[in-house]
Amino acid sequence: MTPNLRDEVDEDVEDVHKFDKVPAKPSRPTLAAIPLRPVVLFLAATVFTAIFVELLSDYMKISKMVNTTNDTDSRQPTYAIYSHSPVEDHLVHVVNVLHKFGYKRVELDQGGWDLLWAHDYPFHRMPSLKNLGPNQLVNHFPGCGFLTNKVDLCTTRLPFLPRAFRLPSQRDEFLEYASENPDALFVQKHNEHRHIKVRAPNEIALNSNDSFVQEFIQKPFLVDGHKFDIGVYVAITSVNPLRVYIYTGDVLFRYCPVKYYPFDAEDLDKYVVGDNYLPTWEVPSLRKYYNSYGGSMRGSFEAYVRDQSMDPSIIWPQVESIIRSTILAKEQDIVRTLRSYKTRNFFDLLRFDLFIDENLKAYLMEANMSPNLSSAHFKPNSLLYEQVLYSVYNLLGILPVSESGLSRNTPSEMVTADKNLVTGLNQCESYNCDKSCNRDECDLCLLCMSGTEYEWLRRAHEEHLHRVDMKRIFPQPILDPKTFNIDNESRNMTKRNAWITRWFYNKCEYDRTWCT
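Scoring rules and cut-offs
Residues numbered from 1 in each chain as written. Predicted model: local features only at pLDDT ≥ 70, side-chain atom pairs only at ≥ 80, totals over all residues. Heavy atoms only, no water. Helix = DSSP H or I, 4+ residues; strand = E, 2+ residues; numbered from the N terminus. Pairing = 2+ DSSP bridges. Axes fitted to C-alpha atoms, helices over the stretch in contact; angles between N-to-C directions. Parallel < 35°, antiparallel > 145°, perpendicular 65-115°, else oblique. Left-handed = near helix turned anticlockwise from the far one by under 90°. Contact = heavy atoms within 4.5 Å. Nonpolar A, V, L, I, M, F, W, Y, C, P; charged D, E, K, R; others polar. Core = buried A, V, L, I, M, F, W, Y, C linked by side-chain atoms within 4.5 Å. Buried < 20%, exposed > 50% of the residue type's maximum accessible area, 1.4 Å probe, protein only. Expected span 1.5 Å × (residues − 1). Phe/Tyr/Trp six-rings, centres within 6.5 Å; stacked < 30°, edge-to-face > 60°. Lys NZ or Arg CZ within 6 Å of the ring centre and 35° of its normal. Disulfide = S-S within 2.5 Å.

J.: Which parts of the structure should I look at to understand unusual backbone geometry?
T.: For residues that are not glycine, phi is negative in most cases, and the peptide bond is trans in most cases. Omega for the peptide link from Leu 167 to Pro 168 comes to 5°, which places this bond in the cis form. Position of Pro 168 among the secondary structure elements: in the loop between β5 (164-167) and α5 (171-180). The omega angle of the peptide bond from Tyr 261 to Pro 262 is -5°, so this bond is cis rather than trans. Residue position: Pro 262 is located in the loop between β11 (252-255) and α6 (284-292). Positive phi outside glycine occurs at Leu 360, with the angle close to 65°.

J.: Just checking my understanding: could you explain the sheet that holds strand β4 (residues 137-138) for this structure?
T.: Paired through backbone hydrogen bonds, the strands of a sheet run either parallel or antiparallel to each other. Read from one edge to the other, the open sheet built from four strands follows the order β2-β1-β3-β4, with strand pairing classed as parallel. Pairing within the sheet leaves two strands with one partner each, and these edge strands are β2 (104-105) and β4.

J.: Quick question: what am I supposed to make of the packing of helix α2 (residues 92-100) against helix α9 (residues 381-396) here?
T.: Two elements in contact, α2 and α9, have axes separated by 10 Å at closest approach and are oriented at 55°. What the angle tells us is that α2 and α9 run oblique. Here the hand of the crossing between α2 and α9 comes out right-handed. Contact with α2, carried on its side by His 93, Val 94, Asn 96, Val 97, Leu 98 and Lys 100, involves Ser 382, Tyr 385, Glu 386, Leu 389 and Tyr 393 of α9 and no other residues of that element. Here the contact of α2 with α9 is built from residues that sort into six nonpolar, three polar and two charged.

J.: Honestly, the nonpolar core in this entry has me stumped. Any pointers?
T.: If you look at soluble globular proteins, the nonpolar side chains tend to sit buried side by side. Counting 95 residues, the largest nonpolar core has Trp 117 and Phe 301 as its most contacted members. With eight residues, helix α8 (residues 315-338) is the single largest residue contributor to this core. Not counting the four nearest positions on each side in its chain, Phe 301 is found in contact with Phe 221, Val 223, Phe 228, Phe 253, Tyr 255, Leu 286, Ile 315 and Ile 356. Grouped together as the second largest cluster of nonpolar side chains are 11 residues, Ala 460, Trp 503, Phe 504 and Trp 514 included.

J.: What's the story with α9 in this structure? I'm lost.
T.: The periodicity of an α-helix, 3.6 residues per turn, causes residues three or four places apart in sequence to face the same way. In this model, α9 (16 residues) spans 23 Å end to end at C-alpha, consistent with the 22 Å of a helix rising 1.5 Å per residue. After α9 finishes, the residue Gly 397 shows a positive phi value of roughly 85°.

J.: What am I meant to see in the sheet that holds strand β7 (residues 198-199) here?
T.: Taking strand neighbours across the sheet as the criterion, the four strands line up as β5-β8-β6-β7 in an open arrangement whose pairing is antiparallel. Looking at which strands have only one partner, the edges of the open sheet turn out to be β5 and β7. Pairing between β5 and strand β8 (residues 211-215): four bridges, direction antiparallel. When the sheet's bridge partners are listed, Leu 167 is paired in β8 with Ser 211. Where α5 meets the sheet, it contacts β5, β6 (186-190) and β8, and its direction lies at approximately 145° from that of β5.

J.: Would you explain the packing of aromatic side chains in this entry?
T.: Per the stated rule, a full pass over the model turns up 35 aromatic pairs. Note on Phe 174 and Phe 186: the rings are 5.0 Å apart at their centroids and 85° apart in plane angle, and the pair reads as edge-to-face. Residue Phe 174 is located in helix α5, and its partner Phe 186 is located in strand β6; the two are separated by 12 residues in the primary sequence. Using a relative accessible area of 0% as the deciding quantity, one classes Phe 186 as buried. Judged by centre distance (5.6 Å) and plane angle (70°), the ring pair of Phe 216 and Tyr 271 falls under edge-to-face. Of this pair, Phe 216 sits in the loop between β8 and β9 (228-238) while Tyr 271 sits in the loop between β11 and α6, and the two are 55 residues apart along the sequence. Take Tyr 271: its relative accessible area is 6%, and that puts it in the buried class. Of note, Lys 227 hangs over the ring of Phe 355, and the distance from its end group to the ring centre comes to 5.5 Å. Residue placement shows Lys 507 over the ring face of Trp 514; its charged tip is 4.8 Å from the ring centre.

J.: So what exactly am I meant to see when it comes to the environment of Gly 249 here?
T.: For Gly 249, the location among the structural elements is in the loop between β10 (243-247) and β11. Residue classification places Gly 249 among the partly exposed residues on the basis of a relative accessible area of 33%.

J.: Got a minute to help me understand the state of the cysteines in this structure?
T.: On inspection of all chains with the given rule, the structure shows four disulfides. Disulfide pairing places Cys 508 opposite Cys 515 at an S-S distance of 2.0 Å. Since a negative S-S torsion denotes a left-handed disulfide, the Cys 508-Cys 515 link at about 80° is right-handed. The class for Cys 515 is buried, based on a relative accessible area of 4%. When the bonded cysteines of the protein are counted from the start of the sequence, the pairing works out to 1-5, 2-4, 3-6, 7-8.

What follows is the structure, encoded as structure tokens:
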């Protein structure tokens, strides 16, 4: 029996399944013949479903973002240590400051750390560093050895490096130079910085591998008869484009424990700074400035120089120029090394060691990849080390967490928005950069920037806001915007370095706090 379909549908709905017994010629349906109620219900259900799915999708996205943000903010930031040494006395202040910032240590192989502090060069043994997460940071650049390898650095022909020759490959050049300068003395050095001793040319081991010979500056500036070196802490936060800062809160001064004169090449304590160096607070003429008046190491030294009727202010522009020129000379070597790395989440904290001759001319000795930050020998140095670390961490955006364990990092758009990065509005308009970005004059217009370029400027902006005692030395400070010639300054730079230099110049024109 055929079922009665009418019993199973609403009584108001016409039975559309009922046909005439006699086939008739099909006719075009009329509007009146279409049942309206199911059509309306169907359309309403379709619209409602579409709206619900869209809202649900948005809700899921927002919920995921909120949960991710909460997870990131609520998770205690972590760090790991990479070191070949079984003891970590040299890292005590690195660890102390990170703990004060609320960071938790995790094992290196555990992964997921936010900061890797490597005392030794980690990139040969940790290929995973080629694929860092977006929020991970490592305290060395791949290729930083081009700066810190003593043989490579000292044999680079730079005007502030005493003349040096790689052995045995530059043996003949060395002998020729020694013949032309018969009064010169030399120091033979190795990468390990061991067995340093002043020698005459005929005492040099000319066939020694992995060593170099360097001219010895025989008339250093002395404090109470003591030779010394100065250690300047340097942070490199980016290469290509390059950004370099120095710590200005103080400078590490280390004095030889034995007076320089009468000179004796056999007594290394007269001219080589070792672990048993004489600290500032034990140098007689500096003690009053440091102990009684609360001066810094740099301030006490400058007071002594002024006592000698000399001007210490001529030293520091030289120091800045030396550091800037040295890093620029090696930047492209680092850039080539970086090509195989997915991200650029690296920075470097170096110490440049320099010395000064009797005329206050500065010379570079070396750059240290992992400077000693241990106060085991001299407890008063602990303040210097922790203030250096505090400034560098802040510069990099490594900020303290609150007592509740939540990050005090504010959302990035509250710190840096488009308006903070925009410069040269008139130029962008003059060259119609909203219509085409093909001109060089449009490179700094927001509409013409790539996402990577925008990120470079965002980081530069946040570094400027969080410098503490760090001073930017590249791009070079602009002492007088009216006389500063940006075209001359950037003419011989790489394209990216010229680009970031021009951005800082534009910021300086608008706000003088950006000039230095």
